[in-house]
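Chain by chain, the residues:
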Amino acid sequence: MSGDTGELCGFEGQGDREIERGDVETCREETERLQAVDDGLFVILQRSGLSPQVLSGLVKDKDSFGLALMSVWLYMQSAKLGRVPVDPPKSVDLSGTRGLSPEKIFLFLEFLPPSVEELTLDRVAVRGAALPLFLRFLRKVAGRLRFNFAENSLDPKDAQTIFPLLLPHLESLSLKGNVLGMEGVSALTQAIRDGHAGRLLSLDLENTGLTKDLLEVLCGAVQETGLRVESLNLSGVQIGFAQMRVLLPILCVGSLPCVRVLQLRNCGLDNLRMKELSYALQIRDLPNLEVLDLEGNDFGGHGLGFLSRALRVDAVPRLKKLNLLTKAGTVDSVGVSEFLQALRAEQCPDLENVQLCLGTRVAEEDLSALAAGIYPTVRTLALQLRPKLFSAFLPQLVGGSFGALDLSMEVISESGEEVNGALNLVGDALQSGRLCCLQKFAVRSYDRTAPLIFRDTAEGRAAFLTGLCHRKATLLSEISLSRVGLTHTDLSLLVEAVRTGNLSSLRVLDLSHNSLGASGIDALMDAVVNSAEGLPRLIDLNLTRTTTGAEMGGGSVLAALGSGKLPSLERLGDEPPLFVLGTDDLAILANGSKRFPPRLCTTRSFVVDLGGHTPHLRAEALIQIIAENDEGQPPWVWSLDLSGREEALDSLVASREARCRHDSVLVRVKVLKLASCGIGDRRLKRLGQLLSSHGCPTLETLDLSGNEISPAGFSAFIETLRPGSLPKLTTVLLGHGVPRFISGLRVQPRPEKV
């Protein structure tokens, strides 16, 4: 019995050992597999990185949110194991999310590593149903944080609850673009009085709607308790006589003892206000000031003269940067001379960077001295000069005199010869390399005889455009050549500069009111498409009135838009150009529409017309482009003309039945034209069912003219529409195109007026 037991026990022991060896082997294999997975994930993390741009881009979209969450989790896991393959993220921007719920946003925030020091949120995360989640998040915040409210994200009524929780953790708060009102300002000032802003080093109140009364409330609290911020931004506050009376008492060491950066951009400061501000600086009220930003204000030469009296080491001993890029430059040469003399005086503080805008009234000797580099602290110079003054500046220009130079030629009553000479000087400086610092160049004409003036400037135009072809303009961001009489010869030089990539830094290109013709536009667009980089930074391409009438040959422009070579484009001119497409152009539209610049598509910047110009083009082709767009109806389809196509209604209905991801191909259409489409009473009712199924929230005009529709049929159409399906429809065209106005057709079940 014992032997049997022993044998059994021996057998069982051997089996256990074999099972144990199997378990160990399985465990080892599983560990190796998981390790390989981890190694692969860490490699992915290492290659993608966790830069603020990458992480913010991933987390904003619902389709890549999971990848963002996994990346942050991987980083935290690798940090625990001592394997940190990438630099830790320092900031995250969660504004402008697409399809994310507040719950997902705050789930992501729960995983953020402690390395994140700066956070940007918008209304999706701080308003309405998200507010309790935001407040719960604030109660968990530890450490110091730089926090930015995206534009129009903060509800002033919530500020009283938010600020006491938020401010104690902050070293920087940006409320830029959020109108605070009395509720918001009162909440902020109360938090200051209660000591919640004791750790705050930077406060940005730009464009927060601070009126004189609100400014008085804010300044009262600062004057009462003091504010130890090092940076204060009050840009956008309109500072007139009354506002300056309120502001001046806090511009002192008693109220702002630590302020180093003061921003008063676009505040409407005129010469008298500059006199008062300069006096506050002159009596050493802000001894720690290092940066004074006055860009976009209205003062001129007199204001510069007043400021020159404060440029003394005993008044502003630490001043390093001074931004004086005013709106319209200076109109007083004496004040300019006084300011420039102050820059060279022994008692001037050790300035490092002065940004200066000078207008049409500047002494020639001052221009020559600036060009020669006698004032090395002037690093950015904007000149708005009459053509004759170019000869006082450009011949003396020394390469490297400026970090950035903006040149604007103000043509008022000059002769063509004077303008031609100035353009020649610009071209020579470009070709010699002395204008490598050129950032903006504009020619502005204020004379009705401009066409006659520029008729005599062919040589100068050629010299300037040849200069652009000669070398890469790495800093050049803006060219404005409106109304300068550009010819096809001129355009061929510009086309060459684009094709060779010399203008890849451009953000603005204004060619408006020049007779370029469709062929000229085609040549320019072909250059964009065939260049290596295209124009990747271009935001504004102004082609207004460059062709005869409102129509523009659309194929080449749409090909450029769909090539991916204009990814940043937002505007195509002062008036939305009309692109008239032929049958061949539809393939371009179909292939490229998904790659159109995203910002351009949301601004109604152009119109595509496939109306009577393409009678043989069937409606299915166009509607298929719209229906197959991954994001729903393309934003640029806001006016849809299917007139004369009897298959149009059937195509719309078929596309609606086939779609499952998006509500309607008409979701953004404002004008729908179905004139002469063979629509009778029965088909009209079918149209009503289509419009009613998911609604057309933006439709304003419906053109049904030229169809056989009876009063009874139209009444049946109205009956078909569900209430609220066409909230903005105001006009229906019936019969022979006679407009019928619909009174507040939100659509009520039985509208009274048709």
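Preceding this paragraph is the structure being described.
Thresholds applied
Residues numbered from 1 in each chain as written. Predicted model: local features only at pLDDT ≥ 70, side-chain atom pairs only at ≥ 80, totals over all residues. Heavy atoms only, no water. Helix = DSSP H or I, 4+ residues; strand = E, 2+ residues; numbered from the N terminus. Buried < 20%, exposed > 50% of the residue type's maximum accessible area, 1.4 Å probe, protein only. Contact = heavy atoms within 4.5 Å. Core = buried A, V, L, I, M, F, W, Y, C linked by side-chain atoms within 4.5 Å. Phe/Tyr/Trp six-rings, centres within 6.5 Å; stacked < 30°, edge-to-face > 60°. Lys NZ or Arg CZ within 6 Å of the ring centre and 35° of its normal. Expected span 1.5 Å × (residues − 1). Arc of directions from axis to C-beta. Patch = residues over 30% accessible without salt bridge, like charges linked within 9 Å, V, L, I, M, F, W, Y side chains within 5 Å. Areas by Shrake-Rupley, 256 points an atom, 1.4 Å probe, with all protein chains shown as cover. Salt bridge = Lys/Arg side-chain N within 4 Å of Asp/Glu carboxyl O.

Engineer: Which parts of the structure should I look at to understand the overall build of the chain?
Structural biologist: On a plain count of helices and strands, the chain comes out with 26 helices and 24 strands. Residues counted as buried form 52% of the 754 residues belonging to the chain. A separation of at least 24 residues holds for 83% of the contacts in the chain among residues at least 6 apart in sequence.

Engineer: How do you make sense of the nonpolar core when you look at a structure like this?
Structural biologist: Nonpolar side chains in soluble globular proteins tend to end up buried together. Counting residues in hydrophobic clusters, the biggest one holds 174 residues, and the most contacted among them are Phe108, Phe134, Phe163, Leu173, Phe339 and Phe393. Setting aside its immediate chain neighbours within four residues, Phe134 contacts Phe106, Leu121, Ala125, Val126, Phe147, Phe149 and Ile162. Within the second largest apolar cluster, 27 residues are counted, among which are Cys677, Leu699, Leu704 and Leu726.

Engineer: When you look at the packing of aromatic side chains in this model, what are you seeing that I'm missing?
Structural biologist: How two aromatic rings sit relative to each other is given by the distance of their centres and the angle of their planes. Under the counting rule described, the total for this entry stands at nine aromatic pairs. Residues Phe134 and Phe147 carry aromatic rings whose centres are separated by 5.8 Å and whose planes lie at 35° to one another, so their mutual orientation is tilted. Remark: Phe147 occurs in strand β3 (residues 145–149) and Phe134 occurs in helix α6 (residues 131–140); sequence separation between them is 13 residues. Like Phe147, Phe134 is buried. In textbook terms, an aromatic cluster arises when at least three aromatic residues are bridged by ring pairs, as seen for Phe106, Phe134, Phe137, Phe147 and Phe149. Here the guanidinium or amino end of Arg245 rests over the ring plane of Phe241, the centre of that ring lying 4.8 Å away.

Engineer: Just to check I follow, could you spell out helix α9 (residues 212–225) for this structure?
Structural biologist: Structurally, the α-helix is built with 3.6 residues per turn, so residues lying three or four positions apart point the same way. Along its 14 residues, α9 runs 20 Å from first to last C-alpha, staying within 8% of the 20 Å computed at 1.5 Å per residue. Along α9, the positions that sit buried rather than exposed are Leu214, Leu215, Leu218, Cys219, Ala221 and Val222. For α9, the angular spread of the buried residues around the axis is 155°, confining them to a single face. On its buried face, α9 is in contact with α8 (181–193) and α10 (241–247).

Engineer: When you look at a nonpolar patch on the surface in this model, what are you seeing that I'm missing?
Structural biologist: A grouping of Trp73, Leu107 and Phe111 is seen on the molecular surface, where their side chains present a nonpolar patch of about 260 Å² in accessible area. Take Phe111: it is sitting in the loop between α4 (102–110) and β2 (118–121).

Engineer: Mind showing me how you'd approach the environment of Ile192 here?
Structural biologist: Turning to its location among the elements, Ile192 is positioned in helix α8. Sequence spacing of Ile192 and Leu167 is 25 residues, and the spatial spacing of their C-alpha atoms is 8.8 Å. Leaving out residues up to four positions away in the same chain, Ile192 has contacts with Ala197, Leu218, Thr225, Gly226 and Leu227.

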